[in-house]
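Survey of secondary and tertiary structure
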Amino acid sequence: MVTVNGQFPGPRVTAREGDRVVVNVTNYVSNNITIHWHGIRQLQSGWADGPAYVTQCPIQTGQSYVYNFTIVGQRGTLWWHAHASWLRSTVYGPIIILPKRNVPYPFIKPYKEVPIIFGEWFNADTEAIVTQSLQTGGGPNVSEAYTINGLPGPLYNCSTKDTFRLKVKPGKTYLLRLINAALNDELFFSIANHTFTVVDADAVYVKPFNTKTILITPGQTSNVLLKTKLHYPRAKFLMSARPYVTGSGTFDNSTTAGILEYESSSTVVSTTSVKNLKLYKPVLPVLNDTSFATNFAKKFRSLASAQFPANVPLTVDKRFFFTVGLGTNPCPKNQICQGPSNTTKFTASINNVSFVLPSTALLQAHFSGKSKGVYSTNFPKSPLIPFNYTGTPPNNTNVSNGTQLVVLPFNTTVELVLQDTSILGAESHPLHLHGYNFFVLGRDFGNYDPNKDPAKFNLVDPVERNTIGVPAGGWVAIRFLADNPGVWFMHCHLEVHTTWGLKMAWVVSDGKLPNQKLPPPPSDLPKC
Ligand code: C2O
């Protein structure tokens, strides 16, 4: 497996809001690689964002690149991961951003902070799996296990010794920093007999709310408080995570688990008595519990306080309506495809365009003014053939391939509605935007209605995040201010859908002032 500094999950990056972070990445493996700092705004540091062929050419074997960026106006949990092919399956780790010195959290000071990263384990070279998924367009590949901090846990065969154990003291508050690094599945997470208080999403504070179960999509992060029981319980508590499944097809329905164990401070509990403690198991929602998913998403609201205001853009310069979903491509000659019929392979698209990465980096082409032959700027503003997205799909489900971008003048306010198409089955798509946070104004099932739905938008305290699930058979409306010059990737964070083309990019032009321009690239920027 490919790892960073020999560690799995990879090393923790801890910084404070306002810090400059400098990471030297040297590639010692035979794969091309890049690292993305998921959720970091990268204000005027687009060269450090990381997606391969978008902001940089990959770092080739034996080469190095220094990622250099400043964390501006963010505090909470984010994460870093490889952003080339499917290498992020093992190359990932937490980014912990502490508030500025002497600035307290807007909630009780935790006794301890613990990162909890969910992952997905394949008993195979993930590069071989991605090749198969791309060439034949096969269904999502089923992994062998989910993991908590790299460990599958006792519910899998022979894995009891590979179990994450969280040792806690009674009557204390712990801050769990949750990260979903799994490749292809949204996950439910609970700890038996315990309740979480959610205080943050994607490194933005939210109005606290209590819940027994968390739902977290790939790409999302969330900080939750866990208050332990006041008295030492004669028990251990299982924590477990398993997928929330909206699509059809084959999925890994298994469960990863860890153990919450109380350490008693006064009475010495011997190892044998720990072994004999009763084990409580949590009850997770059923695999396709969309009503849980819907209600859970509704609970997220920005803090919107004087200290942490929600700066929702109240006017809109540009409106876009994008469909996201699956589709097909003709099966190439002399190949056996696993698409919906044997003459087609699965693909995925935004506005019917399956995005093709170029062989050089989009940002370099943009910066040097040499976009010709690399990308065009005619990405459709809305789907070419509108249809009833929740009804019968069109007869022809083939999509076009292209490298089309949208150009946004500096400081444009954008409203974007993302609509699931239900082609080849309704499915939830966790859409992730690089370089920005956005406000989630509305989210519902069915076809978006531009005449009725905006009246229901939340412009007061909408949650601000970088990844949002477009509900299966529904839509989500977001707004952001394009105040960060560069080229910014947007894609489904289900890796198989990214591979199939559910991705696109925005070009945000420079502003007039010197502090509104993208600086020139660093001298060690990799070449393709
Ligand atoms: Cu976490 Cu483009 O990714």
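Calculation notes
Residues numbered from 1 in each chain as written. Predicted model: local features only at pLDDT ≥ 70, side-chain atom pairs only at ≥ 80, totals over all residues. UniProt positions renumbered as here; feature names shortened; annotations may be inferred. Domains from an automatic or database assignment. Contact = placed C-beta atoms within 7 Å. Nonpolar A, V, L, I, M, F, W, Y, C, P; charged D, E, K, R; others polar. Core = buried A, V, L, I, M, F, W, Y, C linked by C-beta atoms within 7 Å. Buried ≥ 20, exposed ≤ 12 C-beta atoms within 10 Å, placed from the backbone. Helix = DSSP H or I, 4+ residues; strand = E, 2+ residues; numbered from the N terminus. Arc of directions from axis to C-beta. Pairing = 2+ DSSP bridges. Axes fitted to C-alpha atoms, helices over the stretch in contact; angles between N-to-C directions. pLDDT = per-residue confidence, 0-100.

An unreviewed UniProt entry annotates the protein as Laccase of Kingdonia uniflora. UniProt, in its Catalytic activity (unreviewed entry) section for the protein, records the words "4 hydroquinone + O2 = 4 benzosemiquinone + 2 H2O". We quote the UniProt Subcellular location (unreviewed entry) comment for the protein here in full: "Secreted, Extracellular space, Apoplast".

Re the domain arrangement of the protein
Accessible area lost when the parts come together is the quantity often used to give the size of an interface. By the assigned domains, the protein splits into domain 1 (7-103), domain 2 (107-302) and domain 3 (318-516). Taken together, the contact between domain 1 and domain 3 spans 15 residues of the former and 17 residues of the latter. Looking at side-chain class alone, the side of domain 1 that touches domain 3 contains seven nonpolar, six polar and two charged residues.

Side note on the nonpolar core
Judged by nonpolar contacts, the single largest core of 135 residues is most densely connected at I478 and A505. When residues of this core are assigned to their parent elements, the largest contribution, six residues, is made by strand β29 (residues 474-482). Not counting residues within four places of it along the chain, the set of residues in contact with A505 comprises V54, L362, L405, V487, W488, F489 and M490.

Some points on the UniProt feature "domain: Plastocyanin-like" (unreviewed entry) in the protein
Mapped onto this structure's residue numbering, the UniProt feature "domain: Plastocyanin-like" (unreviewed entry) falls at residues 1-101, 113-264 and 384-511. Segment residues 1-101 splits into 0% helix and 36% strand. End C-alpha atoms: 38 Å apart.

What about the environment of E263?
Within the secondary structure, E263 is located in the loop between β17 (256-262) and α2 (271-275). In this structure E263 comes out as exposed when scored by C-beta crowding, with 11 C-beta atoms within 10 Å.

Regarding helix α1 (residues 126-135)
Listed as buried for α1 are T126, I129 and S133. In a view along the axis of α1, the buried residues occupy a sector of 55 degrees, so they form one face of it. Those residues of α1 that are buried are in contact with α5 (495-500). Looking one or two residues beyond α1, the residue adopting positive phi is G137, at roughly 65 degrees.

Section: the sheet that holds strand β13 (residues 204-211)
Spatially, six strands are ordered β8-β7-β10-β15-β12-β13 in an open sheet, and the strand pairing comes out mixed. The open sheet terminates on both sides in strands that have one partner only, identified here as β8 (145-148) and β13. Put simply, the sheet's adjacent strands are angled 25 degrees from each other on average, direction ignored. The pairing of strand β10 (residues 173-180) with strand β15 (residues 221-227) spans seven bridges and is classified as antiparallel. Across the sheet, residue L178 finds its bridge partner in β15, namely S222.

Details of the confidence of the model for the protein
Per-residue confidence for the protein gives a mean pLDDT of 94; residues scoring 70 or more make up 97%. This prediction of the complex comes with two scores: 0.97 for pTM and 0.99 for ipTM.

Observations regarding unusual backbone geometry
Trans is the common state for peptide bonds, and a negative phi is the common state for residues other than glycine. F8 connects to P9 through a cis peptide bond whose omega is -10 degrees. Residue placement: P9 occurs in the segment before β1 (13-16). Despite not being glycine, N5 shows a phi value in the positive range, around 50 degrees. With respect to the element layout, N5 can be found in the segment before β1. Note on N5: 8 C-beta atoms within 10 Å, which makes it exposed. In this structure, N351 takes a positive phi of about 50 degrees despite not being glycine. Along the chain, the position of N351 falls in the loop between β20 (344-350) and β21 (353-355). N351 sits in the buried class, given 22 other C-beta atoms within 10 Å.

Side note on the sheet that holds strand β3 (residues 35-38)
The sheet built from four strands is open, its strands ordered β1-β6-β5-β3 with mixed pairing. The open sheet has two edge strands, β1 and β3, and neither has a second partner. Within the sheet, the average angular offset between the axes of one strand and its neighbour, ignoring direction, is 20 degrees. Looking at chain direction, β3 and strand β5 (residues 76-82) are connected through four bridges and run antiparallel.

Brief notes about the pairing of strand β12 (residues 196-201)
Here β12 lies mainly inside the structure; five of its six residues are buried. Bridge count between β12 and β13: five bridges; the pairing is antiparallel. Looking at β13, one finds that V198 is bridged to F209. Between β12 and β13, which follow one another and run antiparallel, lie two residues, and D202 among them has a positive phi close to 50 degrees.

Remarks on the environment of P471
When you line up the elements, P471 lands in the loop between β28 (467-470) and β29. A C-alpha to C-alpha distance of 29 Å links P471 and E127, two positions 344 residues apart in sequence. Sequence-distant contacts of P471, that is, excluding residues within four places in its chain, are made with T294, D420, S428, R443, F445 and V476.

Examining the environment of W121
One can find W121 in strand β7 (residues 112-121). According to the C-beta neighbour criterion, W121 is buried, with 23 such atoms within 10 Å. If near-sequence neighbours (up to four positions away) are discounted, W121 is found in contact with S143, E144, A145, T147 and P152.

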